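The lines below spell out each chain.
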Amino acid sequence: NNLLKKKQINLGLDLQGGTYLLLEVDSLPLLEQKLQNKLLSLRKELKSKKIKYENLKIESDIINFRILENQIKLFEDFFLSKENEFNPYFSQYRSHELTHKIENNLVSIKYSKYGIIEIKNYALDDSLEIVRRRIDEVGTNEPTIIKRGNDRILIELPGLSDPNRIKKLLGKTANLTFRIVTDEIDDFGSEVLYFEDGTTKLNVNKRVVMSGDNLENAIPSFNNQNNETVVSFTLDRVGAKRFARITTSNVGKRLAIILDNKIVSAPQIREPIVGGNGQISGNFTFQSATDLAVLLRSGALPAPLNIIEERTVGPDLGQDSINAGMIALAIGFLLVIIFMFIKYKIFGLITNLTLVINLFILLGILTLFEATLTLPGIAGIILTVGMAVDANVLIFERIKEE
């Protein structure tokens, strides 16, 4: 009973105001990352096919390398094969993911037009799912999250007048990695990364020992030992094994926890962590720890999202629309009732009664399903009243004829 009392019709963005965001998926970094992965796969493939190559490197968005004249056919047979993991064949496009060109034994490989379409589609679908998870975690009421074109996501959040927190959550790719801190400054396999304050920096190994993909859960919690808010995380089975192996072989070293190329914290590994549980500390407030936990739980975005349009719709306009809509509904309803009574007397009265019941049932069902009412929805209710009485008119007139 109490559950039914709590149910209500939610008002859409056009009626109660809120936030409208249009996001664009920037798939260029993903394209570069995929090409980097292709380079590693190509090296393995050329080695396994015994094709000798030299100067294998990426220049802008093209992989270039040189092979011997007599090995060109061997390379093309492997590269253009339909059963090929390195260069998949898309039957719906009748084309491969990658395209190639050979001039003077110099092979150039880049993504085909359809390869780029596939990457963009993957980035958009994946981003849409993760955006939905992040917004659901924040608990906004009846959000609208839909694709727009081939690289945009439209978000409508009714009742949300301050979009800053949502924008912060959506603006982070949330790519979490764990890497070992190293002292060898001139080591080729290391790079300097900064903490979030922008001044403190550390030299960390380029090798990612573990990524956020192995994270099963993350929740904000309180560490009683040093009275600070932390994010506690749980790893899946594979992640727990890997984490145990890393912490066992690197006792005494520092493990940098990196989010979107910024170091969140770099605790020292005092002992092997074998339970698959850990904590991330980093001067969090409870709000920032909650937001980080939301980001980690929802997973990393495959590509950065840019906000290209943002509007905050005031509810004042909405109130006018609601009032105008309700007045229109009331006038329409009254005119129908008066007409039916004058034209059909007692039968008209019965029709009017059923019309009122019809309207109450309609509003009851909308409330039960907690549907979102928008301006077109009010127009739809007015139309329903007109259509419902239409059937009665036809029946009455037919009876009269008989």
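Before going into details, it helps to say that this report is about the structure given with it. (Residues numbered from 1 in each chain as written. Predicted model: local features only at pLDDT ≥ 70, side-chain atom pairs only at ≥ 80, totals over all residues. Heavy atoms only, no water.)

**Brief notes about the sheet that holds strand S15 (residues 215–223)**
Pairing is antiparallel across the open sheet formed by three strands, whose spatial order is S15-S16-S19. A single partner strand is all that each edge strand has here, and the edge strands are S15 and strand S19 (277–284). When the angles between neighbouring strand axes are averaged without regard to direction, this sheet yields 25°. Strand direction decides the pairing type here: strand S16 (residues 228–235) and S19, joined by five bridges, are antiparallel. For Thr-229, the partnering residue across the bridge sits in S19 and is Phe-284. Along the sheet, helix H8 (residues 286–298) makes contact with S15, S16 and S19, crossing S15 at roughly 170°. (Pairing = 2+ DSSP bridges. Helix = DSSP H or I, 4+ residues; strand = E, 2+ residues; numbered from the N terminus. Axes fitted to C-alpha atoms, helices over the stretch in contact; angles between N-to-C directions. Contact = heavy atoms within 4.5 Å.)

**Brief notes about the nonpolar core**
What tends to happen in soluble globular proteins is that the nonpolar side chains get buried as a cluster. Counting residues in each nonpolar core, the largest one holds 40 residues, and the members touching the most others are Leu-42, Phe-65, Phe-75, Ile-109, Val-131, Ile-153 and Ile-155. The leading source of residues in this core is helix H5 (residues 113–138), at seven residues. The residues contacting Ile-109, other than those within four sequence positions of it, are Leu-42, Asp-61, Ile-62, Ile-63, Phe-65, Phe-75, Phe-79, Leu-98, Thr-99 and His-100. Listed in part, the 27 residues of the second largest apolar core include Leu-176, Met-210, Ile-257 and Leu-296. (Core = buried A, V, L, I, M, F, W, Y, C linked by side-chain atoms within 4.5 Å. Buried < 20%, exposed > 50% of the residue type's maximum accessible area, 1.4 Å probe, protein only.)

**Brief notes about the pairing of S15**
Inspection of the sheet shows S15 paired to S16 by eight bridges, in the antiparallel sense. Across the sheet, the residue bridging to Leu-215 is Leu-235, located in S16. Here S15 folds back onto S16, and the loop between the two strands holds four residues, one of which, Asn-227, carries a positive phi near 50°.

**Quick word on the pairing of strand S10 (residues 152–158)**
Of all seven residues making up S10, five are buried, and the element is well covered by its neighbours. Here seven bridges tie strand S2 (residues 18–25) to S10, and the two strands are oriented antiparallel to one another. Bridging from a neighbouring strand, Thr-19 pairs with Leu-157 of S10. One ladder, built from five bridges, connects strand S9 (residues 144–148) with S10; its direction is antiparallel. Bridging across to S10, Ile-146 finds its partner in Leu-154.

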